[in-house]
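Tertiary structure, described
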Amino acid sequence: MKRISYYTLLINIFISTLNLYAQDPNEQNEKAKEVLSIVSEHYKKNKTSKINFTIKIKSQDLNETQNGNATISANKFHYKTNEREVICNGEAVWTYLFEDDECYIDLLEDMDNAINPNEIFTIWEKGFKYQYINEEVDNNQIIHHIKMFPEKADKSKYHTVIIDINETSKSLQSAIIKTKDGITINFIVNEITSNPIIKESLFQWDNKKYPNVEIIDNR
């Protein structure tokens with residue numbers, strides 16, 4: 001079950017070696033807030049989004065890289081890699097493991113190690129304090145590096161989050177998360193499409209489509 005939870009954490013690790021104290025702390029916080037606010041406002045204009053991504057997971061037991069795509073609409077999401085397909089209608093989450101031919105059903109609110117992919121683009125809005133690291137130019141585009149820490153560290157599943165923001169596209173380029181249980185997850189946005197036309201059925205498990213899959217209902 002741990003491997004299922006790892007893959008629902010769609011966030012990328014990007015280890016920074018930059019000087020964290022190059023600016024006054026208050027200036028760092030204000031700069032970070034300014035950049036993140038722009039991204040949040042830009043992303044929230046989208047009713048739907050489609051993301052092509054790469055995710056890398058490292059822990060004591062795992063060292064895996066997967067490519068996939070995700071479709072998001074409000075609190076509903078669907079994503080697929082070559083290993084699994086995950087469907088959420090806003091309440092229930094179906095995690096279908098291709099190799100095992102099994103599908104686990106959980107309530108989204110009960111999955112402590114899970115994060116709605118929709119939250120990746122606004123994760124900083126609640127429960128975090130942040131620190132601006134610096135900016136760099138990559139392929140004529142300005143990239144901002146920001147480090148985040150949970151406000152209530154004793155109650156958070158996160159240890160540290162580091163995100164890269166592309167100022168040109170006003171979007172998250174990559175995100176980093178280290179969890180308290182030693183998991184490092186890298187999530188890289190390869191491409192994002194705003195407001196694609198999607199079918200509502202994408203966010204609902206269809207037993208007819210998967211007739212021979214074993215269902216394990218944890219609700």
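A quick note: this is a predicted structure, and the numbers were derived from the prediction, not measured.

Attention now goes to the environment of Lys45. Inspection of the secondary structure assignment puts Lys45 in the loop between helix 2 (25-44) and strand 1 (48-58). Remark: the alpha-carbon pair of Lys45 and Asn195, spanning 150 residues in sequence, is separated by 9.0 Å.

Let us now look at unusual backbone geometry. Generally, phi is negative for residues other than glycine and the peptide bonds are trans, each holding for most cases. Within the chain, Asn139 stands out as a residue other than glycine whose phi angle is a positive 55 degrees. Mapped onto the elements of the fold, Asn139 is located in the loop between strand 7 (128-138) and strand 8 (141-150). With a phi close to 65 degrees, Asn140 is a non-glycine residue in the positive phi region. On the secondary structure map, Asn140 appears in the loop between strand 7 and strand 8.

Next up on the list: the pattern of salt bridges. Close approach of charged atoms allows side chains with opposite charge to pair. Overall, the coordinates contain 3 salt bridges when judged by the stated rule. Two residues, Glu83 and Arg84, come together in a salt bridge whose shortest N-O distance is 2.9 Å. The class of Arg84 is buried, set by a relative accessible area of 1%. Residue Asp217 is joined to Arg219 by a salt bridge in which the shortest nitrogen-to-oxygen separation is 2.7 Å. In this structure Arg219 comes out as exposed when scored by relative accessible area, which is 52%.

Let us now look at the confidence of the model for the protein. Mean pLDDT for the protein: 77, with 79% of residues reaching 70 or above. Per-element averaging of pLDDT across the protein places helix 1 (residues 2-8) at the bottom with 45 and strand 12 (residues 214-217) at the top with 94.

On the surface, Glu30, Glu34, Glu135 and Glu167 cluster together into a negatively charged patch. One can find Glu135 in strand 7. A relative accessible area of 39% means that Glu135 is categorised as partly exposed.

The next subject is the packing of aromatic side chains. Evaluated as defined, the whole model comprises 7 aromatic pairs. Geometrically, the ring pair formed by Phe53 and Phe187 is tilted, given 5.4 Å between the ring centres and 40 degrees between the ring planes. You can see Phe53 sitting in strand 1 and its partner Phe187 sitting in strand 11 (residues 184-194), a full 134 residues away along the chain. Judged by relative accessible area, which is 1%, Phe187 ranks as buried. Ring plane angle 70 degrees and centroid distance 5.2 Å describe the contact between Tyr96 and Tyr210, whose orientation is recorded as edge-to-face. Taken together, the residues Tyr96 in strand 5 (residues 92-97) and Tyr210 in the loop between strand 11 and strand 12 connect sequence positions 114 residues apart. Take Tyr96 and Tyr210: they sit in the same class, and that class is buried. Here the aromatic cluster, defined as three or more aromatic residues joined through ring pairs, consists of Phe53, Phe77, Tyr79 and Phe187. Across the ring face of Tyr132, the terminal group of Lys31 is positioned such that the distance to the ring centre comes to 5.8 Å.

Here is what the cut-offs are and how they apply
- Residues numbered from 1 in each chain as written.
- Predicted model: local features only at pLDDT ≥ 70, side-chain atom pairs only at ≥ 80, totals over all residues.
- Heavy atoms only, no water.
- Helix = DSSP H or I, 4+ residues; strand = E, 2+ residues; numbered from the N terminus.
- Salt bridge = Lys/Arg side-chain N within 4 Å of Asp/Glu carboxyl O.
- Buried < 20%, exposed > 50% of the residue type's maximum accessible area, 1.4 Å probe, protein only.
- pLDDT = per-residue confidence, 0-100.
- Patch = residues over 30% accessible without salt bridge, like charges linked within 9 Å, V, L, I, M, F, W, Y side chains within 5 Å.
- Areas by Shrake-Rupley, 256 points an atom, 1.4 Å probe, with all protein chains shown as cover.
- Lys, Arg positive; Asp, Glu negative; His and termini not counted.
- Charge placed at Lys NZ, Arg CZ, Asp CG, Glu CD.
- Phe/Tyr/Trp six-rings, centres within 6.5 Å; stacked < 30°, edge-to-face > 60°.
- Lys NZ or Arg CZ within 6 Å of the ring centre and 35° of its normal.

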